[in-house]
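Topology and contacts: notes
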Amino acid sequence: MKKIGFLSFGHWTPSSQSGTRSAADALLQSIDLAVAAEELGADGAYFRVHHFARQLASPFPLLAAIGAKTQRIEIGTGVIDMRYENPLYMVEDAGAADLISGGRLQLGISRGSPEQVIEGWRYFGYTPAEGETEADMARRHTDVFLDALRGEGFAEPNPQPMFPNPPGLLRVEPFSVGLRDRIWWGASSNATAVWAAKLGMNLQSSTLKNDETGEPFHVQQAKQIREYRAAWKAAGHQREPRVSVSRSIFALMNQQDRSYFGNSGQDSDQVGYIDQQTRAVFGRSYAAEPELLIKQLAQDEAIAEADTLLLTVPNQLGVDYNAHVIESILTHVAPALGWR
């Protein structure tokens, strides 16, 4: 059995060709798609976070709204860029959204990817300390975030507070029990996946990773997952970790599907550079009739290793069409592969 959810970037553009023409459209349609996905039996609604872009950016109002409109589906991110975050404020926002949802948040965080502007985190008020890189700063923010999620007091109370305090040092409120175990790290390298395992974070691996061996994407990603699990075991954590992978998968069920994705030309991995130093391998898309799709996906080693599969959805094609995309996989593909 696998958990199957969707991952939306929440793109919007004021174009007559887009079904998502404003930020309001992107947010409201995200809520509607999460509700529809839950009704279809999907397990998760996840959202990408990009700043300075016509995409979803501030996740917690959206996650809280979805939490209030749904009952069962997991609600998460993939990923929040920790270079931009005030970790204690984030603990407050995450705790509130998690309580509203009844403990269904699954928060993916990471260093983030190349952004729309140069060093955009500086505009948010964050600067690496002397001797730090931006990646170091993201990890420092992460350390504070994870530590505060334990719910232990650390702040000295005012001896004359406006309202009575509980005894001892104070923690950030609201505190949501169990949220610390539902934090995921988006890792692009094997070493970062091992680091995440040592800290007790779940693993998110997306449709790209650092090209470390020259092997096919799914083979490298499967090896990353196995290294992560070995590091988790060595760290002695008491719970089982979770691992998700993301894929673009489209079952060609009708002429509309074929017109959108039947000739996508993305049926092989691509290699490129996400910055001047980092060569990355980008995983292929899958688009075929269900019988062929089942055969292709059965050969994907990384999907086999993961317990959670996130389907990247073309959100600008609208809620109804994306619900159809999700339903097609759940109904016509997942059972044959043993995912359901």
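Before reading on, note that the structure itself is shown above.
As the structure is a prediction and not an experimental result, all values here were calculated from the model.

1. Remarks on the pattern of salt bridges
Tallying each qualifying case throughout the model produces 20 salt bridges. Between Arg-242 and Glu-74 there is a salt bridge, with the nearest N and O atoms lying 2.8 Å from each other. With a gap of 168 residues between them, Arg-242 in the loop between α6 (217-235) and β8 (243-247) and Glu-74 in strand β3 (residues 74-81) connect regions that are remote in the sequence. Per residue, the accessibility class of Arg-242 equals that of Glu-74, and both read buried. One salt bridge in this structure joins Glu-305 and Arg-226, with 2.8 Å as the shortest N-O distance. Note that Glu-305 is positioned in helix α9 (residues 301-305) and Arg-226 in helix α6, a separation of 79 residues in sequence. The class of Glu-305 is partly exposed, set by a relative accessible area of 26%. Bridged by salt links that share partners, the residues Lys-3, Glu-74, Arg-242 and Asp-307 form one connected network.

2. Let's talk about the sheet that holds strand β10 (residues 270-273)
Backbone hydrogen bonds hold the strands of a sheet together, and the pairing may be parallel or antiparallel. One open sheet accounts for 3 strands, arranged β7-β11-β10; its pairing is antiparallel. Looking at the sheet topology across the chains shown, the edges are occupied by β7 (208-210) and β10. With direction set aside, neighbouring strand axes in the sheet form an average angle of 30 degrees. Here β7 pairs with strand β11 (residues 279-282) via 3 bridges, running antiparallel.

3. Here we look at the packing of helix α2 (residues 59-69) against helix α3 (residues 87-101)
Following both chains from N to C, one finds α2 and α3 inclined at 15 degrees, their axes separated by 7 Å at the closest point. Here α2 lies roughly parallel to α3, going by the angle between them. Note on packing geometry: the crossing formed by α2 with α3 is left-handed. In this structure, α2 uses Phe-60, Ala-64, Gly-67 and Ala-68 to contact α3, whose residues at the interface are Met-90, Asp-93, Ala-94, Ala-97, Ile-100 and Ser-101. Of the residues contributing to the contact of α2 with α3, the split by class is 7 nonpolar, 2 polar and 1 charged.

4. Examining the environment of Val-144
Mapped onto the fold, Val-144 is located in helix α4 (residues 134-148). A relative accessible area of 36% means that Val-144 is categorised as partly exposed. Excluding its chain neighbours within four sequence positions, the residues that come into contact with Val-144 are Pro-87 and Leu-88.

Thresholds, definitions, all that
- Within every chain, residues take consecutive numbers counted from 1 along the sequence as written.
- Reporting in this predicted model follows two pLDDT cut-offs: at least 70 for local features of residues, and 80 or more for side-chain atom pairs to be given and counted; totals over whole chains, interfaces and linings ignore these cut-offs and use all residues.
- No hydrogens and no water enter the side-chain calculation; it runs on all heavy atoms of the structure.
- Between Lys or Arg on one side and Asp or Glu on the other, a salt bridge is scored when a side-chain nitrogen of the former is within 4 Å of a carboxyl oxygen of the latter.
- Strands are runs of DSSP state E lasting at least two residues, helices are runs of H or I lasting at least four, and both sets are numbered from the N terminus onward.
- Exposure classes here rest on a 1.4 Å probe applied to the protein chains alone. A residue is buried below 20% of its type maximum, exposed above 50%, and partly exposed in between.
- In this analysis, strands are considered paired if DSSP registers two or more bridges between them.
- Every angle, taken between N-to-C directions, lies between 0 and 180 degrees, and every axis is a line fitted to C-alpha atoms, over only the stretch in contact when it is a helix.
- Here the angle decides the label: under 35 degrees means roughly parallel, over 145 means roughly antiparallel, 65 to 115 means roughly perpendicular, and every other value means oblique.
- For any pair of crossing helices, the crossing counts as left-handed if the nearer helix is rotated counterclockwise from the farther one by less than a right angle, and right-handed if it is rotated clockwise.
- We call two residues in contact when some of their heavy atoms are within 4.5 Å.
- Only Asp, Glu, Lys and Arg are considered charged, only Ala, Val, Leu, Ile, Met, Phe, Trp, Tyr, Cys and Pro nonpolar, and every remaining residue, Gly among them, polar.

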